[in-house]
Amino acid sequence: MTPQIIPQNYKTTLGLKDTEIAIKKLKDYFEKDLSEKLNLIRVSAPLFVERNSGINDDLNGVERPVAFDIKEDNSTEVEIIHSLAKWKRIALSTYGFNIGEGLYTDMNAIRRDEDLDNLHSIYVDQWDWEKIISKEDRKKDTLKSIVTSIYEVFKNTEKYIHSEYEDIKPILPENIHFITSQELENLYPYLTPKEREDAICKDKGAVFLMEIGGSLTSGKPHDGRSPDYDDWTLNGDILFHYPILDRSMELSSMGIRVDEDALLKQLKVRGLEKRKDLNFHQMLLQGKLPYTIGGGIGQSRICMFFLRKAHIGEVQSSFWGEEILSLCNENNIQLL
């Protein structure tokens, strides 16, 4: 079992029923504010895609997607999505969106290879969003501007939850701190990547950690990223310090997506140049897809953060082994 963090003398502010009510309020508020801030409309999205389409997100390249065949066409095998990073870009083109417009959707996935702990479940629920930008706007200023807008949504949501539940006090700082993964390594050269995130978040409260995927001067990347959606020089994670667990918490992963040059470069770095022949990659290389920025925002993660829960199982219904169930039960952690 992956080690679980058990806060000393933990007691949740909200019981099971009130938690479910609060989750609905929180999600409705956040979704509305996000769509207005970024000019997004909600669309429907697939739960699974064809295995050989190249559309599924392969995350770090080792996670196994859940796959099955179709009775009506047993020659076709489909995979439950890991995320919709590539699908959204195709959808923006298919639906006729223009520069400055975007979409968002409820993304539900199964990640069978997750190590289960306070923040990780095999069930993933997030808002996946994507917005068209011009080629000229593929730059850090654009990325930072969007991050600042999303951070405003987080701040507004925190104020809203406090107005509904006065015992839940605001803790986010006024502004989010920007830092690159190389700058972070330089700042904490003797810490592991996760320890660096914990340290910078404890210091700053809220951080956007940029440029994730490429190798640092240490010879290793800060963290794994698929080579065929985010541009590793124009991406990042939104991280908050979470005092309930005394650690950092990733709330969102996002970035400006690869153009033709970045795609070829990153596929070569990973030794995955054969992917160029897949449908998605051919569409991109032939100029049939728009330039975009997008990401995912964890729904259960934000509920956990804003409702001050110790375990993600307190805000979503998922599978937990007997050891985790017993440990949580013994420590007043009420899993849904």
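Structure first, text after, so check above.
Being a predicted model, the structure only gives us computed values, none of them experimental.

Caption draft 1: Spatial organisation of the pairing of strand S9 (residues 230-242). The buried fraction of S9 is high, at 12 of 13 residues. With 5 bridges joining them, strand S8 (residues 206-210) and S9 adopt antiparallel strand pairing. Across the sheet, the residue bridging to Phe208 is Ile238, located in S9. The pairing of S9 with strand S10 (residues 247-257) spans 9 bridges and is antiparallel. Looking at S10, one finds that His241 is bridged to Ser248. Between S9 and the antiparallel strand that follows it, S10, lie 4 residues; Asp246 among them carries a positive phi value of about 55 degrees.

Caption draft 2: The arrangement of the sheet that holds strand S3 (residues 67-70) in detail. Pairing is antiparallel across the open sheet formed by 3 strands, whose spatial order is S2-S4-S3. Every other strand in the sheet has two partners, leaving strand S2 (48-50) and S3 as the edge strands with one partner each. With strand direction ignored, the average angle separating the axes of adjacent strands in the sheet is 40 degrees. Strand direction decides the pairing type here: S3 and strand S4 (residues 73-80), joined by 4 bridges, are antiparallel. Bridge pairing in S4 links Phe68 to Val78.

Caption draft 3: Examining the packing of aromatic side chains more closely. According to the stated counting rule, one finds 12 aromatic pairs in the structure shown. Centre to centre, the rings of Phe154 and Phe240 are 5.1 Å apart; their planes meet at 80 degrees, and the pair counts as edge-to-face. Placement of Phe154 in helix H3 (residues 140-164) and of Phe240 in strand S9 is noted, with a sequence separation of 86 residues between them. With respect to class, Phe154 is no different from Phe240; both count as buried. Aromatic side chains Phe178 and Phe208 sit 5.9 Å apart centroid to centroid with 70 degrees between the ring planes, which places their arrangement in the edge-to-face category. Of this pair, Phe178 sits in strand S7 (residues 177-180) while Phe208 is found in strand S8, placing the two residues 30 residues apart along the sequence. With a relative accessible area of 0%, Phe208 lands in the buried category. An aromatic cluster of at least three residues, connected via ring pairs, comprises Phe30, Trp127, Tyr151, Phe154, Phe240, Tyr242, Phe305 and Phe306. In this arrangement the basic side chain of Lys144 is found over the ring face of Phe178, its NZ or CZ atom lying 5.5 Å from the centre.

Caption draft 4: Layout of helix H5 (residues 193-204). For H5, built from 12 residues, the straight-helix expectation of 16 Å at 1.5 Å per residue is met to within 8% by its first-to-last C-alpha distance of 16 Å. By the burial criterion, the buried members of H5 are Arg196, Glu197, Ile200 and Cys201. The arc enclosing the buried residues of H5, seen along the axis, measures out at 125 degrees, which places them on a common side. In H5, the exposed positions that point more than 90 degrees away from the buried face belong to Lys202 and Asp203. Each element contacted by the buried residues of H5 is listed here: S7, helix H4 (181-187), S8, S9 and S10. After H5 finishes, the residue Gly205 shows a positive phi value of roughly 90 degrees.

What counts as what
- Residues numbered from 1 in each chain as written.
- Predicted model: local features only at pLDDT ≥ 70, side-chain atom pairs only at ≥ 80, totals over all residues.
- Heavy atoms only, no water.
- Buried < 20%, exposed > 50% of the residue type's maximum accessible area, 1.4 Å probe, protein only.
- Helix = DSSP H or I, 4+ residues; strand = E, 2+ residues; numbered from the N terminus.
- Pairing = 2+ DSSP bridges.
- Axes fitted to C-alpha atoms, helices over the stretch in contact; angles between N-to-C directions.
- Phe/Tyr/Trp six-rings, centres within 6.5 Å; stacked < 30°, edge-to-face > 60°.
- Lys NZ or Arg CZ within 6 Å of the ring centre and 35° of its normal.
- Expected span 1.5 Å × (residues − 1).
- Arc of directions from axis to C-beta.
- Contact = heavy atoms within 4.5 Å.

Any functional reading would require information that these geometric values do not contain.
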